[in-house]
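Structure assessment
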Amino acid sequence: MKKLKISIVLPTYNNARTIKQCLDGIFNQKYPSNLYEVLIVDGGSNDNTLDICKKYPVKILKNKWKVEEKGRVVGINAAKGEIIGFIDADNIIYDNQFFNKILIPFEDKEISGVDTLYYDYKKKDNWITRYCALLSGDDPYSIYLGLNDRFCFFNGKWTGMKNKTMDKGKYLKVKVFSGEVPTMGSNGFFVRKNLFKFVSYDPFIHTDFVNELVEKGYDTFGKAKVGLKHDLTNFGDFFKKKIRRVKRRMKGEIKLKYNYEVSMLKLLGVSILFATFIVPIFDAIRGFLRKRDIAWIIHPFACFGVFLIYVSYTLFYKIIGRWFN
């Protein structure tokens, strides 16, 4: 199979802490340098993010809207590759065969997009980064609701949503179903560029985009047996991201078309599990026995903290919203 040209869309905003490691991982790839481009879409960084980026052969674009969802649109529209890949500034690639492994599933014409089967990490990484990699993401609610899209080490599943999976050796070939689409589309998601003409992508909200692909019949994806790291600074950074996410949704900055059809009863059930600590403690022990790492101790506290954030901010904005309506 001929080598495919890749366009990496990489939004930035004050990412000086991680951008060098991110770009090092991209430009250390054992893949022809003339067959991939890196599009930095900056939302107005005022630290030295762009100074670092200029040391690499990247193209820098301006995101005048500031928000990531619009920035990715700028990158998509400028992309020249046959495959568009989404990598965030806090994503770090350790494997120099990452591009080659991600592209193998695209040899199957049925496959629309490919992402990693799991999150990567090293033992020297901080506890919260290791914990999120073991968990399969940075939101415990997603795992307990079955929405996750990467391998979770305590339950041994890459998702809890309905799917049909075939192990093809170097990757999983996965068929997903409308109304049962996991939270795919972020952190190392690669997709055929020609599919963008069939679905709406402005703003680019990854869950909406993938769900619309599925609804249009492009419902088969690859889960490459490779990972990338999602770097988090500390426990505070973990909770700040949750607060930012819930604020943006409550204020209407992010309007999801596809919201996983999760019932209030199921949300309430998960919230009770988190509030009582018992199940998260059990799952932390189960996870530790399957993948020995002291970072599992974070799990019950992360579950309880996220529970407090989501409940308190949801109630707060509902009350404030009533005052101003």
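The structure presented is a predicted model; accordingly, all values stated were derived computationally and were not measured.

Next up on the list: the nonpolar core. One finds Leu23, Ile26 and Phe190 to be the most contacted residues of the largest nonpolar core, which totals 95 residues. Setting aside residues up to four positions removed in sequence, Ile26 forms contacts with Ile8, Leu10, Tyr36, Val38, Ile87, Ile93 and Phe99.

Using the criterion set out here, one finds 28 aromatic pairs in the structure. Note on Phe27 and Tyr36: the rings are 6.0 Å apart at their centroids and 35 degrees apart in plane angle, and the pair reads as tilted. Where Phe204 meets Phe209, the ring centres are 5.0 Å apart and the plane angle is 45 degrees; that geometry is what we call tilted. Each member of the pair, Phe204 together with Phe209, is buried. What links up through ring pairs into an aromatic cluster is the set Phe27, Tyr31, Tyr36, Tyr56, Phe98, Phe99 and Phe190. The side chain of Lys162 reaches across the aromatic face of Phe177, ending 4.6 Å from its centre.

Turning our attention to empty space enclosed by the protein. In the structure shown here, the tally under the stated rule is one cavity of 30 Å³ or more. Quantified by volume, the largest cavity comes out at close to 30 Å³. With three residues, the top contributor of residues to the lining of the largest cavity is helix α5 (residues 127–135). Of the residues belonging to the lining of the largest cavity, the class tally is three nonpolar, three polar and one charged.

What counts as what
- Residues numbered from 1 in each chain as written.
- Predicted model: local features only at pLDDT ≥ 70, side-chain atom pairs only at ≥ 80, totals over all residues.
- Heavy atoms only, no water.
- Core = buried A, V, L, I, M, F, W, Y, C linked by side-chain atoms within 4.5 Å.
- Buried < 20%, exposed > 50% of the residue type's maximum accessible area, 1.4 Å probe, protein only.
- Contact = heavy atoms within 4.5 Å.
- Phe/Tyr/Trp six-rings, centres within 6.5 Å; stacked < 30°, edge-to-face > 60°.
- Lys NZ or Arg CZ within 6 Å of the ring centre and 35° of its normal.
- 1 Å grid on protein atoms, 1.4 Å probe; cavity = no way out; pocket = protein on both sides within 12 Å on 5 of 7 lines; lining within 4 Å.
- Points joined across faces, edges and corners; volume = space filled by probe spheres on them.
- Helix = DSSP H or I, 4+ residues; strand = E, 2+ residues; numbered from the N terminus.
- Nonpolar A, V, L, I, M, F, W, Y, C, P; charged D, E, K, R; others polar.

Geometry only, nothing functional implied.
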